Amino acid sequence: MAVAKTTMTAKEPAKKIDFNEIVFSQPFIYTENGEEKTIKSVTIDFLKLTVEDLNAAENDARMDGETNPMLQFSGKYKAAILARLMGVSYEQVKRMNAKDYLLAEKRVAAFLI
């Protein structure tokens, strides 16, 4: 029985996988202060969130009509947290394509539970 042999050379460093990075299926294009900006991927770093961020996200969701007392199940609250993580406004996140939003929203949901 032959055994396949795999070798790595020093010229081929192992690729580091960042489990917090989300690569969007299409660039997220938005306008800020009249300037068009593009995000192709985002690193979700929950350690950067503060209580102030969570309170502001709750305020954004409530101002948008969220009434659910259990915010961890609120799509609007998760979208508002994602906006904070991405460094964009809540209104801009609401314009993301559904596929990319749902991929990122799952990470936020896992964080909240």
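Residues numbered from 1 in each chain as written. Predicted model: local features only at pLDDT ≥ 70, side-chain atom pairs only at ≥ 80, totals over all residues. Heavy atoms only, no water.

Caption draft 1: Molecular detail of the packing of helix H1 (residues 51-63) against helix H2 (residues 75-86). Interhelical geometry of H1 versus H2 gives an angle of 130 degrees and a closest axis separation of 8 Å. Taken as axis vectors, H1 and H2 run oblique relative to one another. Helix-helix and strand crossings are classified by hand; for H1 and H2 the assignment is right-handed. Across the interface between the two elements, Asp53, Leu54, Ala56, Ala57, Glu58, Asp60 and Ala61 from H1 touch Lys76, Tyr77, Ala80, Ile81 and Arg84 from H2. Here the contact of H1 with H2 is built from residues that sort into seven nonpolar, no polar and five charged. (Axes fitted to C-alpha atoms, helices over the stretch in contact; angles between N-to-C directions. Helix = DSSP H or I, 4+ residues; strand = E, 2+ residues; numbered from the N terminus. Parallel < 35°, antiparallel > 145°, perpendicular 65-115°, else oblique. Left-handed = near helix turned anticlockwise from the far one by under 90°. Contact = heavy atoms within 4.5 Å. Nonpolar A, V, L, I, M, F, W, Y, C, P; charged D, E, K, R; others polar.)

Caption draft 2: Spatial organisation of the pattern of salt bridges. Considering all chains together, one arrives at six salt bridges under this definition. Close ionic contact of Glu91 with Lys94 constitutes a salt bridge, the shortest N to O distance being 3.3 Å. In this structure Glu91 comes out as partly exposed when scored by relative accessible area, which is 39%. Linked through salt bridges whose partners overlap, the residues forming this network are Asp64, Glu91 and Lys94. (Salt bridge = Lys/Arg side-chain N within 4 Å of Asp/Glu carboxyl O. Buried < 20%, exposed > 50% of the residue type's maximum accessible area, 1.4 Å probe, protein only.)

Caption draft 3: Highlighting the side chain of Asp100. Considering the arrangement of structural elements, one finds Asp100 in helix H4 (residues 98-112). For Asp100, which is buried and forms no salt bridge, the nearest opposite charge comes from Lys99, at a distance of 6.1 Å. Not counting the four nearest positions on each side in its chain, Asp100 is found in contact with Phe24, Ser25 and Gln26. (Lys, Arg positive; Asp, Glu negative; His and termini not counted.)

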